[in-house]
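# Per-entry structural report
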Amino acid sequence: MADILLIGYGTIGQDLVSLLEPEIARGEIRILAAAVRDPQKPRPTASAVPLIHTDKLANYLPQADLVVECAGVPAAISHGSEVISAGREMILTSVGALAHRDARLGMLSGPGKLTVTNGAIGGFDLLGAAAQAGGIAEISIQTSKLAASLVRPWMTQAERARLQDLTPTDEAFVLFDGNPTDAIEKFPANVNVAVALAWATRELLPADAPGAEQSQAFERALAQVRVRILADPNARLSLHVIRASGPAGTYEFSLENAPSPSNPRTSGLTAMSVARDVRESILRC
Ligand SMILES: NC(=O)C1=CN([C@@H]2O[C@H](COP(=O)(O)OP(=O)(O)OC[C@H]3O[C@@H](n4cnc5c(N)ncnc54)[C@H](OP(=O)(O)O)[C@@H]3O)[C@@H](O)[C@H]2O)C=CC1
Ligand SMILES: O=C([O-])CC(=O)C(=O)O
């Protein structure tokens, strides 16, 4: 029986627990608790998973065989290093936290093990193989989302209005064009996939290489990836187009996920990817 501690129990956390029902029913997995911002907050459905405040995380870590973060980039920055330095294995969903230098160094310095989920995208077997052989010269990801869903608190009134006032007859426009580090800082809930793409195409160092070297290798991969965010007045779902080219070949992956059954604004595939990561982890135990 593997004891799992969740950080975050929103759309992805709840979908994950539903996806893992067969393993829970067979006694292969037990969800110890989910750490959230506000355990007392009224929730639409009663939870079978005990909710705790994140300031109690340290009390639960010693019993956890596996920690799954699905709480957002700021929470992963705050708690990722704590989990890894306690020697736990952690699956990271808010992959964008790896673009934050100090958090990255903590998560890559052990002694715990970090698993970075593929999340809402894929094709990483091919891209990783080609990148490790020096076969990728250019790599980009273009993410199209519903314009109104891209409004962020830091935007000026004019920037917000441009997104909110777009009508179905307007053309989609490029809202952001740059590197994954700047993209995740501006859009922390939208482009974790861009940071995951850099993770998949990083130089693979020996597992015992110091955290600082792992961190630098990842920083080089981040610098290779170009990110574009398209604000689309007609997008129903997120559309991610990954393009890569170089001596290994020319590749284009177009990924359009069905929405989560519990929240139409979240791709259902993210929780499915994390469920697969959990199953692979417990098979290794
Ligand atoms: N890798 C990928 O492809 C993808 C990654 N993601 C990442 O997953 C994250 C979660 O997505 P989703 O489930 O849809 O989000 P939700 O908003 O539905 O749920 C977030 C959960 O995390 C908790 N939480 C938020 N901030 C903190 C904090 N600082 N400390 C502790 N708990 C916190 C919330 O607590 P409470 O319930 O008390 O409010 C809530 O339970 C996204 O923010 C994004 O970073 C998302 C999509 C794709
Ligand atoms: O769900 C998606 O399409 C991807 C996403 O939000 C992210 O990477 O943060």
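If you're wondering where the values come from, they're calculated on a predicted model, not measured in any experiment. Counting starts from 1 at the beginning of each chain's written sequence and moves along it residue by residue. Lettering for chains starts from A, numbering for ligands starts from 1, and both go in the order in which the items are written. In view of the model being predicted, local features appear only for residues whose pLDDT reaches at least 70, and side-chain atom pairs are presented and counted only at 80 or more, with totals across whole chains, interfaces and linings using the full set of residues. Based on all heavy atoms of the structure, the side-chain values leave hydrogens and waters out of the count.

### A look at the site of ligand 1
We call a residue near a given molecule or strand whenever any one of its heavy atoms falls within 4 Å of it. In the neighbourhood of ligand 1, 27 residues make up the surrounding shell, with Tyr9, Ile12, Lys41, Arg43 and Ala120 lying closest. Each polar contact in these results corresponds to two N or O atoms within 3.5 Å; when the atoms are within protein, one needs to be able to donate a hydrogen and the other to accept it, and residues that are neighboring in sequence are counted only if both atoms are side-chain atoms. At 2.9 Å, a backbone N or O of threonine 93 approaches a nitrogen atom of ligand 1. One of the side-chain N or O atoms of asparagine 192 is found 3.2 Å from an oxygen atom in ligand 1. For every accessible area listed, the method is Shrake-Rupley and the probe measures 1.4 Å; residues are considered covered only by the protein chains on display. Bound to the protein, ligand 1 loses 82% of the 940 Å² it would expose on its own.

### Observations regarding the packing of aromatic side chains
Put simply, two rings from Phe, Tyr or Trp (the six-membered ring, in Trp's case) pair if the centres are within 6.5 Å, and we call them stacked under 30 degrees between planes, edge-to-face over 60, tilted for the rest. Under the counting rule described, the total for this entry stands at three aromatic pairs. Consider the rings of phenylalanine 176 and phenylalanine 187, whose centres lie 6.4 Å apart with planes at 75°: the pair is edge-to-face. With phenylalanine 176 in strand 8 (residues 173-178) and phenylalanine 187 in the loop between helix 8 (180-186) and helix 9 (192-200), the pair connects residues that are 11 residues apart, well separated along the chain. Aromatic side chains tryptophan 199 and phenylalanine 218 sit 5.5 Å apart centroid to centroid with 65° between the ring planes, which places their arrangement in the edge-to-face category. Remark: phenylalanine 218 occurs in helix 10 (residues 211-224) and tryptophan 199 occurs in helix 9; sequence separation between them is 19 residues. An identical accessibility class is assigned to tryptophan 199 and phenylalanine 218; each is buried. Going along the chain from the N terminus, every DSSP run of H or I of four or more residues is numbered as a helix, and every run of E of two or more is numbered as a strand. Each residue is assigned to one of three classes by its accessible area relative to the maximum for its type, calculated with a 1.4 Å probe on protein chains only: buried under 20%, partly exposed between the two thresholds, exposed over 50%.

### Quick look at the sheet that holds strand 7 (residues 138-146)
Paired strands, in this sense, are two strands between which DSSP finds at least two bridges. Ordered in space as 8-9-7-10-11, the five strands form an open sheet in which the pairing is mixed. Each edge of the open sheet is held by one strand with a lone partner, namely strand 8 and strand 11 (249-256). If you compare each strand with its neighbour and ignore which way they point, the axes differ by 15° on average. Here seven bridges tie strand 7 to strand 10 (residues 239-246), and the two strands are oriented antiparallel to one another. Interaxial angle, 0 to 180 degrees, is taken between N-to-C directions of lines fitted to C-alpha atoms, where a helix line uses only the stretch in contact.

### A word on the domain arrangement of the protein chain
Residue ranges labeled as domains rest on an automatic or database domain assignment. What the domain assignment reports for the protein chain is domain 1 (2-119 + 267-284) and domain 2 (124-256). Domain 1 and domain 2 are separated by 23 Å when their C-alpha centres are compared. Counting residues at the interface gives 17 residues for domain 1, matched by 16 residues for domain 2. By buried area we mean how much accessible surface two parts lose on assembly, using a 1.4 Å probe and totalling the loss over both. Summed over both partners, the interface of domain 1 with domain 2 buries about 1300 Å², with 68% contributed by carbon and sulfur atoms. By definition in these notes, contact holds between two residues if any of their heavy atoms fall within 4.5 Å.

### Structural notes on the site of ligand 2
In the vicinity of ligand 2, the contacting residues are Ala120, Lys145, Ala189, Asn190, Val191, Asn192, Val193, Ser238, His240 and Ser267. Taking asparagine 190, its main chain carries an N or O atom lying 3.5 Å from an oxygen atom of ligand 2. In the model, an oxygen atom of ligand 2 is placed 3.0 Å from a nitrogen or oxygen of the serine 267 side chain. Ten residues, namely Ala, Val, Leu, Ile, Met, Phe, Trp, Tyr, Cys and Pro, are considered nonpolar, four, namely Asp, Glu, Lys and Arg, are considered charged, and the remaining ones, Gly among them, are considered polar. Its residues placed into classes, the shell around ligand 2 shows four nonpolar, five polar and one charged.

### Remarks on the pattern of salt bridges
For this document, the term salt bridge refers to a Lys or Arg side-chain nitrogen within 4 Å of an Asp or Glu carboxyl oxygen. Within this structure, the stated rule accounts for 13 salt bridges. Two residues, arginine 284 and glutamate 89, come together in a salt bridge whose shortest N-O distance is 2.9 Å. With arginine 284 in helix 11 (residues 268-284) and glutamate 89 in strand 5 (residues 89-92), this residue pair connects regions lying 195 residues apart in the sequence. The partner of arginine 101 in a salt bridge is glutamate 219, with the nearest N and O atoms 2.7 Å apart. Of the two residues, arginine 101 sits in helix 5 (residues 101-107) while glutamate 219 sits in helix 10, which places them 118 residues apart along the sequence.

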